[in-house]
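Chain by chain, the residues:
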Amino acid sequence: MDGHIVLEGVTKAFGENVVVNNVDLSIGEGEFFSMLGPSGCGKTTTLRMIAGFEVPTEGTIILTGTDVTHVPPAKRNVNMVFQAYALFPHMTVQENVEFGLRIKRVKRDEVRARTAEAIESVQLEGFEARKPAQLSGGQQQRVALARALVNRPAALLLDEPLGALDMKLRKEMQHELKAIQVRTGTTFVYVTHDQEEALTMSDRIAVINDGIVEQCAGPREIYEHPSTAFVAGFIGTSNIVNLRVDRSVDGNAVMDVSEGNRIVAKSDTKAGETLRVTVRPEKIHLSAGGLGDDASMVGGRISDVVYLGSMTQIMVDLATGDSLTVHRLNDEATTTEAKVGDTVTLHWAAANSFVIKGVSTIAESGGDSALDAPDNHNGRQET
Amino acid sequence: MATIAETPTPPAPKRRRSRRETRNDGGSAVSTYGLLAPMLIVLGILFLAPLYYIFLFSVGLKRFSPTDALASLNGELNAFSTELWTKLISVDVTVLIPGLNFDVPVLVVGIVFVVLLITAVTAGRIPEYGSWIVGVAFVLLLAPFLTFPAGNNLLRLVEFSSEGQYMRLFFKSVSMAMTSSVVAVLIAIPVAYFLAFCVGKSKYTWLLIVIAPFLTSYLLRVFAWKVILGDQGLINSGLTTIGLIDEPLTFLIYSQFTVIIVLTYAWVPFICLPIFLSFETIDRRLLEAAMDLGATRMQAFRKISLPIIAPGIVAAFLFVFIPSIGEYITPTLVGGTQGTMYGQSLANQFVGGAFNWQFGSVMSLFLLGIVLLLTFTTSRFLRAGGGGL
Amino acid sequence: MARDSSTFVVISPWGKRLLAAFFVIFLVVLYLPTVLLIIFSFNNGTVAAFPLEGLTTKYYGLAFQSEEIRKALSASFWVGLGAAFFATLIALMASYPLARRNVRGKALISALMLVPLVVPTVVLGVALLILFQRGPGQIGLGLMRIMLAHIVIAIPFAVLILLPRIASIDRRLEEAAYDLGASGLQTFRFVMLPLIVPSIVSAFLISFVFSIDEVVIASFLSSEQVTYPVYLYSGLKFPEKTQTLIPVATIMIVISFALAFGAEAIRRYGDRRLVGK
Ligand SMILES: Nc1ncnc2c1ncn2[C@@H]1O[C@H](COP(=O)(O)OP(=O)(O)OP(=O)(O)O)[C@@H](O)[C@H]1O
Ligand SMILES: [Mg+2]
């Protein structure tokens, strides 16, 4: 693998507890790369191994072509923005930002120029003489950023940098961070457990669960083509359906639920096998329509309607006893109001049913609602 | 301090994967133990070695006299023997409870105390009655040693006496130390309570004012009490001037009473600190919640505050008791012949008239053993969060 | 925690008044001996007893003319300085790994370090006396022996001040410094040290105050040159000598108070500095 930062078979165990498990990653130069996953999944640990604070139990870390697995943090040309900033409380903003340069004995003039430039790039002019305790959360965040950027690192490692900020400031800082990243062209390795943040900012995202990289791809790919049940469940809301292939038509696997009702997914799988399929709530349409064999179509009754502002979330109980979550935009086109008890037909294009890996139990998938095909139909197949 | 990053580790793949090297910022084992080494060396040479020597003396493996002949002339042990230990410890003890009076081997007394101590420390885990058992055990431990001033002598609820003069002196010292510790705690509690709850923002300043005298010379504070309690002191001359007495009150100075007063005075400022800190940990909202649920102030104190401050109180008690039990300076200055304590007699074996290093070593180790036992058990109690009082 | 708007829940109004009265009496009794001592330092008599025999400052003059007192004071000062310096240094070195790293046998080491606090000073005094007189490498120098002994007891004090402070500093601050290229030494110098300086100063002052007041061990170990507390101790046993001792004692008390409040002021300044006021 070549890339700006490469992790090869990296494993980290604390005693018996394996926190990062055989991770392979390749991060390109200038890329905004995010690691996304639930709390405790090993994101910080992975980042700390790249920074050099933890030594992998196994595997290699390569930075700009050099094996740095055993190089101490001070000798790696990457800088970290810590989860709670870790600004030096006894130094002013100026002193904090200068720190790295002075340690490296950069010439005075250059220190001054680069510090000023870094402070300017995070828009903190005029705050140079303040102590961290005299700054707001967002300002502290910017100081932490400037303190790292001033060193012109090969990559910036950010550990939930916006975690401590409130919603509004968070949104602002997301834009600003992205802007700074684009402007400086620095590689960002960004850790977050906020999927929206990852989706809006990243070039690529690695979704991590339990120390394993579940999927590593661009935001659109991750969202629309989740490759595992975990990814489907973790990113946005997702319905997961067990699909037992009854017949195969034009490269589509079809399960007949009842007369005229069917679920379809793009797959070459032969009849008799079972697939797991996800479908995003906003891809499901409510109106009836004469659709062909390449679209799924199932009837059901509305069991719950939740108004969410820009859209409405509708839960539909299917005849089979399971339910699907549907999102419908509240725009002018939507004239009829969905009411609990209404009978509706759901349909979605075959291209929106994605086959995911893993045929294990659905309960752990974390999807908001899951359609499990009835047991009396064809019988359950466990593998 | 740490020596990381002084020498960059050359990029060496998997080969260098040892157990220790899991963090990169922690520094090497060499620097860790290198930093601890001076402390370990100093304590090894100046603390453990002396205790080892004192042990050798206590069992006759070393002696003061340079030659064997001189040693036997001076009555020193020449070879391993537990004779001196026997002399100190195996003496019968007379337990004097008003009306009763019986002899008990000292071993039995010791066992009873150890059992009581362990009960007090561990009984908190017993459901329901645990806190009562702990309370009773504590009372049984303290009560026999509580003394009340009565002239030059002191009254005890239960008196331990013994034909062995050193054991008798030891019990007397324990009594005096116990009494001053209890009195000191009883004074410090309201002071700390007042500071913690009734004084506003300035409470830390006031706390400092309370503690400051503790940081001034101990000797001088003892001496100042001589000026107050002496025959021509503040109290006696005052009382004489207003005609209440003709002769000075003699029990004020050079008595057990004086020693107890001075010890209490000397330590009260210091123990206000732990008690204050434990009051500070009480979340006032808990008390409000309790009273909101219908508890009276007393009930709220008993059910909420007391369990929280119990460890602080026990710690405070020990802070006075442990140094007092081996006191040497105070009884020498204000105790006279009445107020002699174990520590003086111990010192006397080395620098005073008795001059018997071997027996002095036995006395030292005995005192040390008692103190360590006490510290160990109570630190368990403290760590267990007050034994569930 | 208790932010004091009302004290209603903890005490009744009458109880509060009662406590306040108790507190005032307590303070009066607490400071009475010190005040008396200061008054008696100006007493124009030969014994410290009532009634006073007029005021004079002559004993201050006498006290400072005394060669003995000056020597004892300077002995105490140097012993205290040495003990405080080494105890603080050793405690600082030991606290760092104990607070930050996985040390094998940490519990045992901590216990060993703190035990000197509870060992009766008489016991430690005689044990050291035995060691110095009958041990393998006998140390003859009186003052040196006292200083060594004081280091042992001052270490736990200093550790109790330094260790919690070091432990309370966010480990990520150090990591941030490493990350920015600092070596271990630079990290200590530029990040750790400035944050713990106030605690180092208090550890030093506490050790110093302890040493210049310690009399039991010093009296066992001193030879021809005594420290000030030992001098004072032997003087206090003879009433006719006391009057010349009181003036120096008074000055010592004033200095102790100044040190105590000074240490506190430094600590508060250290806290405030972080907030940048
Ligand atoms: N030094 C350590 N020793 C032992 N276990 C550790 C250590 N550091 C982390 N862990 C464990 O490793 C797991 C992963 O931790 P990590 O900090 O990488 O999680 P994270 O994904 O960053 O979570 P969060 O989103 O909450 O920050 C956790 O279960 C944690 O308890
Ligand atoms: Mg984390």
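Residues numbered from 1 in each chain as written. Chains lettered and ligands numbered in written order. Predicted model: local features only at pLDDT ≥ 70, side-chain atom pairs only at ≥ 80, totals over all residues. Heavy atoms only, no water.

Topic: the overall build of chain A
When helices and strands are counted, chain A shows eight helices and 21 strands. Per-residue burial for chain A yields a buried fraction of 55% across its 383 residues. Sequence-distant contacts, at least 24 apart, represent 67% of the contacts inside chain A between residues at least 6 apart. Of the roughly 16200 Å² of accessible surface on chain A, 49% is carried by carbon and sulfur atoms. (Helix = DSSP H or I, 4+ residues; strand = E, 2+ residues; numbered from the N terminus. Buried < 20%, exposed > 50% of the residue type's maximum accessible area, 1.4 Å probe, protein only. Contact = heavy atoms within 4.5 Å. Areas by Shrake-Rupley, 256 points an atom, 1.4 Å probe, with all protein chains shown as cover.)

A look at the overall build of chain C
Each helix and strand counted, chain C has eleven helices and zero strands in total. Starting at the N terminus and ending at the C terminus, chain C contains elements arranged as α-α-α-α-α-α-α-α-α-α-α. Seen through its principal axes, chain C has C-alpha atoms that stretch 70 × 65 × 35 Å. Buried residues in chain C amount to 56% of all 277 residues. The long-range share in chain C, meaning contacts at least 24 apart out of those at least 6 apart in sequence, stands at 72%.

Looking at the interface of chain B and chain C
Facing the 100 residues of chain B at the interface are 93 residues of chain C. A combined buried area of about 8800 Å² lies between chain B and chain C, and 78% of that area is made up of carbon and sulfur atoms. At the boundary of chain B with chain C, the tally comes to zero salt bridges. Applying the counting criterion to the chain B and chain C interface returns nine residue pairs in polar contact (both at pLDDT 80 or more). (Buried area = accessible area lost by both parts, 1.4 Å probe. Salt bridge = Lys/Arg side-chain N within 4 Å of Asp/Glu carboxyl O. Polar contact = N/O pair within 3.5 Å; in protein donor to acceptor, adjacent residues only side chain to side chain.)

Concerning the state of the cysteines
All names here are of chain A. Here the structure, examined in full by the defined rule, presents zero disulfides over all chains. With no disulfide of its own, Cys41 lies closest to Cys216 among cysteine sulfurs, the gap being 14 Å. Cys216 sits in the partly exposed class, given a relative accessible area of 32%. (Disulfide = S-S within 2.5 Å.)

Thoughts on the site of ligand 1
Residue and element names in this part refer to chain A. Near ligand 1 the following residues occur: Phe14, Val19, Ser39, Gly40, Cys41, Gly42, Lys43, Thr44, Thr45, Gln83, Glu160 and His193. A distance of 3.2 Å is found between an oxygen atom of ligand 1 and a backbone nitrogen or oxygen belonging to Cys41. Contact with the protein chains covers 63% of the free accessible surface of ligand 1, which is 640 Å². The greatest single-element share of the shell around ligand 1, amounting to three residues, is contributed by helix α1 (residues 43-51). (Near = heavy atom within 4 Å.)

Comments concerning the pattern of salt bridges
In total, this model carries 20 salt bridges over all chains according to the counting rule given. For A:Lys283, the salt bridge identified is with A:Glu224, shortest N-O distance 4.0 Å. Within this pair, whereas A:Lys283 is found in the loop between β15 (274-279) and β16 (295-307), its partner A:Glu224 is found in helix α7 (residues 219-224), the two being separated by 59 residues in sequence. For A:Glu224, a relative accessible area of 23% translates into the label partly exposed. If you follow the salt bridges from partner to partner, you end up with A:Lys12, A:Arg48, A:Glu54 and C:Glu175 in one network.

Points about the side chain of A:Glu31
Residues and elements named next belong to chain A. Position of Glu31 relative to the elements: it lies in the loop between β2 (17-27) and β3 (32-36). The class of Glu31 is buried, set by a relative accessible area of 11%. In this structure the side chain of Glu31 is engaged in a polar contact, spanning 2.7 Å, whose partner is the backbone nitrogen of Gly28. A distance of 2.5 Å separates the side chain of Glu31 from the side chain of Arg204, its partner in a polar contact. In contact with Glu31, other than residues within four places in its own chain, are Ser26, Gln181, Thr186, Thr187, Phe188, Asp203 and Arg204.

Things to note about the packing of aromatic side chains
For the structure shown, the criterion picks out 38 aromatic pairs over all chains. Each ring, one from A:Phe88 and one from A:Phe99, has its centre 4.8 Å from the other, and the planes form 50 degrees; the classification is tilted. Pair noted here: A:Phe88 is in the loop between β6 (78-81) and α2 (93-103) and A:Phe99 is in helix α2, with a separation of eleven residues, a long-range link. Each member of the pair, A:Phe88 as well as A:Phe99, carries the same accessibility label: buried. An angle of 55 degrees between the planes, with centres 6.4 Å apart, marks the rings of B:Phe355 and B:Trp357 as tilted. (Phe/Tyr/Trp six-rings, centres within 6.5 Å; stacked < 30°, edge-to-face > 60°.)

Overview of unusual backbone geometry
Residue and element names in this part refer to chain A. The backbone phi angle of Arg105 is positive, close to 55 degrees, even though this residue is not glycine. With respect to the helices and strands, the residue Arg105 is situated in the loop between α2 and α3 (108-121). Positive phi values are uncommon outside glycine, yet Glu160 reaches one of about 40 degrees. Within the secondary structure, Glu160 sits in the loop between β7 (155-159) and α5 (167-184). Taking the relative accessible area as the measure of exposure, Glu160 reaches 12% and is therefore buried.

Thoughts on the sheet that holds β7(A)
Residue and element names in this part refer to chain A. Taking strand neighbours across the sheet as the criterion, the six strands line up as β6-β7-β8-β3-β9-β10 in an open arrangement whose pairing is mixed. Every interior strand has two partners, whereas the edge strands, β6 and β10 (212-217), have only one. Averaged over all pairs of adjacent strands, the angle between strand axes in this sheet comes to 15 degrees, irrespective of strand direction. By the bridge criterion, four bridges tie β6 to β7 in an arrangement that is parallel. Its bridge partner lying in β7, Val81 is registered against Leu158. (Pairing = 2+ DSSP bridges. Axes fitted to C-alpha atoms, helices over the stretch in contact; angles between N-to-C directions.)

Things to note about the domain arrangement of chain C
Interface size is often expressed as the accessible area that is lost when the parts come together. All names here are of chain C. Under the domain assignment used here, chain C contains domain 1 (2-40) and domain 2 (63-276). One C-alpha centre belongs to domain 1, the other to domain 2, and the line joining them spans 32 Å. Buried surface at the junction of domain 1 and domain 2, both sides included, amounts to about 500 Å², of which 78% is carbon and sulfur. The interface formed by domain 1 and domain 2 holds zero salt bridges in total. Remark: the boundary between domain 1 and domain 2 carries zero residue pairs in polar contact (both at pLDDT 80 or more). Considering only residue class, the side of domain 1 that touches domain 2 consists of four nonpolar, one polar and no charged. (Domains from an automatic or database assignment. Nonpolar A, V, L, I, M, F, W, Y, C, P; charged D, E, K, R; others polar.)

A word on helix α8 (residues 218-229) of chain B
Residues and elements named next belong to chain B. End to end, α8 covers 17 Å across twelve residues, agreeing with the expected 16 Å (1.5 Å per residue, within 8%). When you tally the buried positions in α8, you get twelve out of twelve residues, the bulk of the element. Listed in full, the buried residues belonging to α8 are Tyr218, Leu219, Leu220, Arg221, Val222, Phe223, Ala224, Trp225, Lys226, Val227, Ile228 and Leu229. Among the residues of α8, the N-terminal cap falls to Ser217, whose side-chain oxygen and the backbone nitrogen of Leu219 are separated by 3.4 Å. (Expected span 1.5 Å × (residues − 1).)

So, the packing of α2(A) against helix α4 (residues 137-149) of chain A
All names here are of chain A. With their axes 7 Å apart at the nearest point, α2 and α4 run at an angle of 30 degrees to one another. Viewed along their axes, α2 and α4 adopt a mutual orientation that is roughly parallel. Helix-helix and strand crossings are classified by hand; for α2 and α4 the assignment is right-handed. Of the residues in α4, those in contact with Val93, Asn96 and Val97 of α2 are Val143, Ala146 and Arg147. Partitioned by chemical class, the residues of the contact of α2 with α4 number four nonpolar, one polar and one charged. (Parallel < 35°, antiparallel > 145°, perpendicular 65-115°, else oblique. Left-handed = near helix turned anticlockwise from the far one by under 90°.)

Focus: the side chain of A:Arg114
Tracing the backbone through its elements, the reader meets A:Arg114 in helix α3. With relative accessibility at 12%, the residue A:Arg114 sits in the buried group.

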